[in-house]
Amino acid sequence: MTDNSFGRAGVSSPGDSWDAQLAEAFGVLLGRPLDGEDAGAVYAAGIDGNLMDEIGFRTDPGWVRPAALRGEEPVPGFWVYDAAREEPRFDASRSLFDFAADGPGREALPPAFAAAVEAACFRPSLVRGADLAPLVEEHGVDLGDPAFKGAWSVRFARLVSDGTLFGAFAAALQTGRTPEELLEFEFDPEEEVAGSWAEELAAVGHPALRHHVAFFCTGGDSGLVPVDPGSRGHALAGDGCARVIGWEDGYGQIEVDVLRLSEQVAGPRR
């Protein structure tokens, strides 16, 4: 089981010693080893939150470039973490697009194209990017055209990864795959790590890795807050997807989730 990963980011399951350290750190956050999860499932990391609406990222034309929809190029993201060295990359082919019936630009769509999109939806209004790709080419429709503004938006913004739980964690936390790629978050773990997390994080032996993952165990002022999987819904809860783990900031701007996808959301394995 592999997904298009546009290079090294988040690829393969842990094998070398550094991957093993990453997997152990991810397991500390999860509260159990990664290899205890269903290895046959498809996992994905996604970004949500008010910031995506405020900056117009859900309707950015980069999402609907034909090469992006085919999975041949990633969609450049936005700065989720201030300490990041680069913007995260999103996978349009495996993200979900919403063509709401009452969208303000829906009537501008060519009728034959609109009908084809409706037929490709796995449930009303929701279509995978990979299924949208042949339609925009067949009908010659440029969904980035301002005339179609409001006809579509991204419902689930999936980060580039390979479908494994390990890859989804690496994408969500932007750890990269080498010690040099770890982020130098500007926060004080001794002051900001919440509750019993300090004791749990002591199991992460590598200091820079421990500092990186501690950013996801704070009260939300400088870092992110762990979210109880059952405490709030997520965009795909009604589509058979389960939150494995998630985080949010303290201001309602950013939500980061690792999900176990249902078959209908994951689509055919390629």
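Residues numbered from 1 in each chain as written. Predicted model: local features only at pLDDT ≥ 70, side-chain atom pairs only at ≥ 80, totals over all residues. Heavy atoms only, no water.

Following the criterion strictly, the structure yields 18 aromatic pairs and no others. Seen from their ring centres, Phe 57 and Phe 90 are 5.2 Å apart, and the 55 degrees between their planes marks the pair as tilted. Placement of the pair is Phe 57 in the loop between helix H2 (50-54) and helix H3 (66-69) and Phe 90 in strand S3 (residues 89-90), with a sequence separation of 33 residues. An aromatic cluster of three or more residues is present, and its members are Phe 26, Tyr 81, Phe 166, Phe 169, Phe 185, Phe 187, Phe 215, Phe 216 and Trp 247. (Phe/Tyr/Trp six-rings, centres within 6.5 Å; stacked < 30°, edge-to-face > 60°. Helix = DSSP H or I, 4+ residues; strand = E, 2+ residues; numbered from the N terminus.)

Bringing unusual backbone geometry into the picture now. Here the phi dihedral of Ser 125 falls at roughly 80 degrees; this positive angle occurs in a residue that is not glycine. Note on placement: Ser 125 falls in the loop between helix H4 (111-120) and strand S5 (126-128). By relative accessible area, Ser 125 is classed as partly exposed at 23%. (Buried < 20%, exposed > 50% of the residue type's maximum accessible area, 1.4 Å probe, protein only.)

This part covers the nonpolar core. Among the nonpolar cores identified, the biggest contains 76 residues, and Trp 63, Tyr 81, Phe 97, Leu 143, Phe 169 and Trp 247 are the most heavily contacted of them. The contacts of Leu 143, once residues within four sequence positions are left out, are Val 64, Phe 99, Leu 109, Phe 113, Leu 132, Val 136, Phe 148 and Trp 152. Of all hydrophobic cores here, the second largest spans twelve residues; its members include Leu 96, Cys 241, Leu 259 and Val 265. (Core = buried A, V, L, I, M, F, W, Y, C linked by side-chain atoms within 4.5 Å. Contact = heavy atoms within 4.5 Å.)

With that out of the way, let us pick up the confidence of the model for the protein chain. For the protein chain, per-residue confidence averages 91 on the pLDDT scale, and residues scoring 70 or more make up 94% of the total. Within the model, the stretch residues 1-15 combines pLDDT values under 50 with 56 contacts to residues more than four positions away or in other chains. (pLDDT = per-residue confidence, 0-100.)

A few words on the environment of Gly 219. As for its placement among the helices and strands, Gly 219 is situated in the loop between helix H9 (207-214) and strand S7 (225-227). Taking the C-alpha atoms as reference points, Gly 219 and Val 193, 26 residues apart in sequence, are found 6.8 Å from one another. Dropping the residues within four chain positions of it, Gly 219 is found in contact with Glu 192, Ala 194 and Val 225.

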